[in-house]
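Remarks on the overall topology
Here is how the chains run, residue by residue.
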There are 2 protein chains.
Amino acid sequence: MISGKQAKFIKSLQYKKYRKQEGAFVVEGKVSVLELLKSKLNVRNVYCTPAFSDEYNDRLSALTLKPDVVTEKDLVKVGSLKTNNAAIAVVDLPPDVQVIDKSRTVLVLDNINDPGNLGTIIRIADWYGIGQIVCSPDTTDAYSPKCIGATKGSFIRVSVTDISLPEFLNEYPNPVYGAMLSGKDVHEVKFSNPAALMIGNESHGIGSHLSEYITEPITIPKFGGAESLNAAIATAIICDVYRQS
Amino acid sequence: MISGKQAKFIKSLQYKKYRKQEGAFVVEGKVSVLELLKSKLNVRNVYCTPAFSDEYNDRLSALTLKPDVVTEKDLVKVGSLKTNNAAIAVVDLPPDVQVIDKSRTVLVLDNINDPGNLGTIIRIADWYGIGQIVCSPDTTDAYSPKCIGATKGSFIRVSVTDISLPEFLNEYPNPVYGAMLSGKDVHEVKFSNPAALMIGNESHGIGSHLSEYITEPITIPKFGGAESLNAAIATAIICDVYRQS
């Protein structure tokens, strides 16, 4: 059973304010929790169904703590998912200031608003082997349940750091490619490697205060009628072309 | 004001059963309704705020009907969006059986489950100038409010037809490229144009009963740790590579 106090605590972690205050976030569902168990993140608590406990007993026994076996109903009650017949974990937030390796490729996000988009972008970065993302401070929080869920477990392999982008870009020594409506056809760009790949807000693109840091504006050519592509879609295409160049 | 009867009718159109029964679907929000007003779709009713009515008076006056001016609160009450300070329209469903031009490129979707994914895929098809999509009958309905919203207006330019895929593929005369985990690197494929580009279910990929129709299985190469890419992301990369080949 999950006590009233525990339930209240887990639910509070749906809000950034309490995640910061408690230094913790929540991981929900089978795929995400199984990925979590492979990681070095510090797990504070695991609540799981008897079926999950039986099936993944070996992985769970590697933890220093004993999981609480609870009902599916309990998991749905305290979590953000509509269905969850597996598990919920409470995990220590990584430190605020993470080491960014400036000699490597980095994805730079300016004011991404939608947690589903950010989670999908983290998953894309992971697919393309880009292990570090820096975000403007007004980007949506990477540790919200919706964002963590959308990463499909990729949150364990990709570091996400909130930082002033002018400050970061000022010190980043490699070329910066920025996705813009009027830029060079991404397929014709001779990408440097490493590099920074920058994507902007869903509606407004990259903020004009960042223009001076962009070495080359890049564009995904359009063949039909849509006005724009979703930010995560644009990220994926740019990463794919970058990796092929 | 929206009468109780009208409200009940609009709300019922959130469900496929009633959309089929009434032959109508709902378009919500500024972007989508403005795109709708450019289309040849038959609009039955428009409910809009005074501000929307004033700003887009010229476009609204091209309709044969008079819009109902209502409050923002009314729009949110009868619609599916959390905020809507613009408009809701009730629109005739296009005919079930649409003409599929077999001499042209087509996107083929097998059992896409998530309405947000389907809407995003429609938007991607539109960006890449692919005007027709065929879907297996178990694909999520393209006229749900969530799917229509995710198309960002592209629903007016892309035809979506539910059809038995074996039946369709049997008669489609051009090569069929299917996204699979083990296929040829998409970047090394010599695509025919026109062609069918096929994407499968979010968890299980393309059904095995469709293998015999695939001319060439294709794969997006992975560089990192993520297990898979989202179906809409995979669609976008394949369309982009296809258009560049």
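On a predicted model such as this, the values are computed, not experimentally measured, just so you know.

Parameters at a glance
- Residues numbered from 1 in each chain as written.
- Chains lettered and ligands numbered in written order.
- Predicted model: local features only at pLDDT ≥ 70, side-chain atom pairs only at ≥ 80, totals over all residues.
- Heavy atoms only, no water.
- Salt bridge = Lys/Arg side-chain N within 4 Å of Asp/Glu carboxyl O.
- Helix = DSSP H or I, 4+ residues; strand = E, 2+ residues; numbered from the N terminus.
- Buried < 20%, exposed > 50% of the residue type's maximum accessible area, 1.4 Å probe, protein only.
- Core = buried A, V, L, I, M, F, W, Y, C linked by side-chain atoms within 4.5 Å.
- Contact = heavy atoms within 4.5 Å.
- Least-squares fit on C-alpha atoms with pLDDT ≥ 70 in both.
- Buried area = accessible area lost by both parts, 1.4 Å probe.
- Polar contact = N/O pair within 3.5 Å; in protein donor to acceptor, adjacent residues only side chain to side chain.
- Patch = residues over 30% accessible without salt bridge, like charges linked within 9 Å, V, L, I, M, F, W, Y side chains within 5 Å.
- Areas by Shrake-Rupley, 256 points an atom, 1.4 Å probe, with all protein chains shown as cover.
- Lys, Arg positive; Asp, Glu negative; His and termini not counted.
- Charge placed at Lys NZ, Arg CZ, Asp CG, Glu CD.
- Domains from an automatic or database assignment.
- Pairing = 2+ DSSP bridges.
- Right-handed = clockwise from strand over helix to strand, strands pointing away.
- Axes fitted to C-alpha atoms, helices over the stretch in contact; angles between N-to-C directions.
- Parallel < 35°, antiparallel > 145°, perpendicular 65-115°, else oblique.
- Left-handed = near helix turned anticlockwise from the far one by under 90°.
- Nonpolar A, V, L, I, M, F, W, Y, C, P; charged D, E, K, R; others polar.

Overview of the pattern of salt bridges
Residue and element names in this part refer to chain A. Within this structure, the stated rule accounts for 14 salt bridges over all chains. Across the salt bridge formed by lysine 38 and glutamate 35, the nearest N and O atoms sit 2.6 Å from each other. Here the residue lysine 38 and the residue glutamate 35 both occupy positions in helix α3 (residues 30-38), the gap between them amounting to 3 residues, near one helical turn. With a relative accessible area of 53%, lysine 38 lands in the exposed category. Here arginine 157 and aspartate 126 are joined by a salt bridge, their closest N and O atoms 2.9 Å apart. Taken together, the residues arginine 157 in the loop between α8 (145-150) and β7 (159-162) and aspartate 126 in helix α7 (residues 115-127) connect sequence positions 31 residues apart. Taking relative accessible area as the criterion, arginine 157 reaches 31% and is therefore assigned partly exposed. What you see here is one network of salt bridges that share partners, running through Glu35, Lys38, Asp126 and Arg157.

Observations concerning the nonpolar core
Core analysis: the largest hydrophobic core is formed by 122 residues, its most contacted members being Ile133 of chain A together with Ile133 of chain B. Ignoring any residue separated from it by four or fewer positions in sequence, one finds isoleucine 133 of chain A in contact with Val106, Leu107, Leu109, Ile121, Ile122, Ala125, Val158, Ser159, Val160 and Thr161 of chain A. Formed by 16 residues, the second largest nonpolar core is a distinct cluster that contains Ile163, Ile206, Leu210 and Ile214 of chain B.

Brief notes about the relation of the copies chain B and chain A
At an RMSD of 0.0 Å, chain B and chain A line up after a rotation of 180 degrees and a shift of 0.0 Å along the axis. Those values place the two copies in the arrangement expected of a two-fold rotation axis. Interface residue correspondence from chain B to chain A reaches 100%, placing this contact among same-surface, isologous pairings.

A few points about the interface of chain B and chain A
Each side of the interface is counted separately: chain B has 30 residues, and chain A has 30 residues. A buried area of about 2,700 Å², summed over both sides, lies between chain B and chain A, and 63% of it is on carbon and sulfur atoms. Considering only the surface of chain B that becomes buried against chain A, Arg123, Trp127 and Phe223 of chain B emerge as the three largest contributors, covering 28% of it. If you look at where chain B meets chain A, you find 0 salt bridges. Taken together, chain B and chain A are joined by 17 residue pairs in polar contact (both at pLDDT 80 or more). Put simply, the parts of the chain that give the side of chain B that touches chain A at least two residues each are α7 (115-127) and α10 (231-244) of chain B.

Quick word on a positive patch on the surface
Residues Lys82 and Lys146 of chain A together with Lys82 and Lys146 of chain B make up a contiguous surface patch of positive charge. Take lysine 146 of chain A: it is sitting in helix α8. For lysine 146 of chain A, a relative accessible area of 53% gives the class exposed.

Brief notes about the domain arrangement of chain A
Residue and element names in this part refer to chain A. For chain A, the assigned domains read domain 1 (4-92) and domain 2 (106-244). At the interface, 16 residues of domain 1 touch 11 residues of domain 2. Between domain 1 and domain 2, a total of about 1,100 Å² is buried, with carbon and sulfur atoms accounting for 63% of that surface. Ranking the residues of domain 1 by area buried against domain 2 places Arg19, Phe25 and Glu35 at the top, with a combined share of 39%.

Some points on the pairing of strand β8 (residues 176-185) of chain A
Taken together, the 3 bridges between β8 of chain A and strand β9 (residues 196-199) of chain A define a ladder with parallel strand orientation. For tyrosine 177 of chain A, the partnering residue across the bridge sits in β9 of chain A and is leucine 197 of chain A.

A few points about the pairing of strand β7 (residues 159-162) of chain B
A regular strand carries its side chains on alternate faces of the sheet. All names here are of chain B. Of the strand pairs in this sheet, strand β6 (residues 132-135) and β7 are connected by 4 bridges, and their pairing is parallel. Note that in β7 the partner of valine 134 across the bridge is threonine 161. Read from β6 through helix α8 (residues 145-150) to β7, the crossover connection turns out right-handed.

Description of unusual backbone geometry
For residues other than glycine, phi is negative in most cases, and the peptide bonds are mostly trans. All names here are of chain A. Across the junction of asparagine 193 and proline 194, the peptide omega takes the value 10 degrees, indicating a cis bond. Tracing the backbone shows proline 194 in the loop between β8 and β9. In this structure, asparagine 111 takes a positive phi of about 60 degrees despite not being glycine. Examined against the element boundaries, asparagine 111 turns out to sit in the loop between β5 (106-109) and α7. A positive phi angle, close to 50 degrees, is found at lysine 152, a residue other than glycine. For lysine 152, a relative accessible area of 46% corresponds to the partly exposed category.

Re the side chain of aspartate 110 of chain B
All names here are of chain B. Along the chain, aspartate 110 falls in the loop between β5 (106-109) and α7. Within the buried core, aspartate 110 has no salt-bridge partner, and the shortest N-O distance to an opposite charge, that of lysine 16, equals 14 Å. A polar contact of 2.8 Å, which involves the side chain of aspartate 110, links it to the backbone nitrogen of glycine 207. Contacts of aspartate 110, omitting those with residues within four sequence positions, involve Ser136, Asp138, Thr139, Leu165, Ile199, Gly200, Asn201, Gly205, Ile206, Gly207, His209 and Leu210.

Some thoughts on the side chain of asparagine 230 of chain B
Positionally, asparagine 230 of chain B belongs in the loop between β10 (216-219) and α10. Setting aside residues up to four positions removed in sequence, asparagine 230 of chain B forms contacts with Arg123 of chain A together with Asn117 of chain B.

Looking at the packing of α7 of chain B against α10 of chain B
All names here are of chain B. At their nearest, the axes of α7 and α10 sit 9 Å apart, and the two run at 15 degrees to each other. When the interaxial angle is binned, α7 and α10 end up roughly parallel. The element α7 and its partner α10 pack so that their crossing is right-handed. Of α10, the residues touching α7 (which contributes Asn117, Thr120, Ile121 and Ile124) are Ala231, Ala232, Thr235, Ala236 and Cys239. Here the residues of the contact of α7 with α10 are counted per class, giving 6 nonpolar, 3 polar and no charged.

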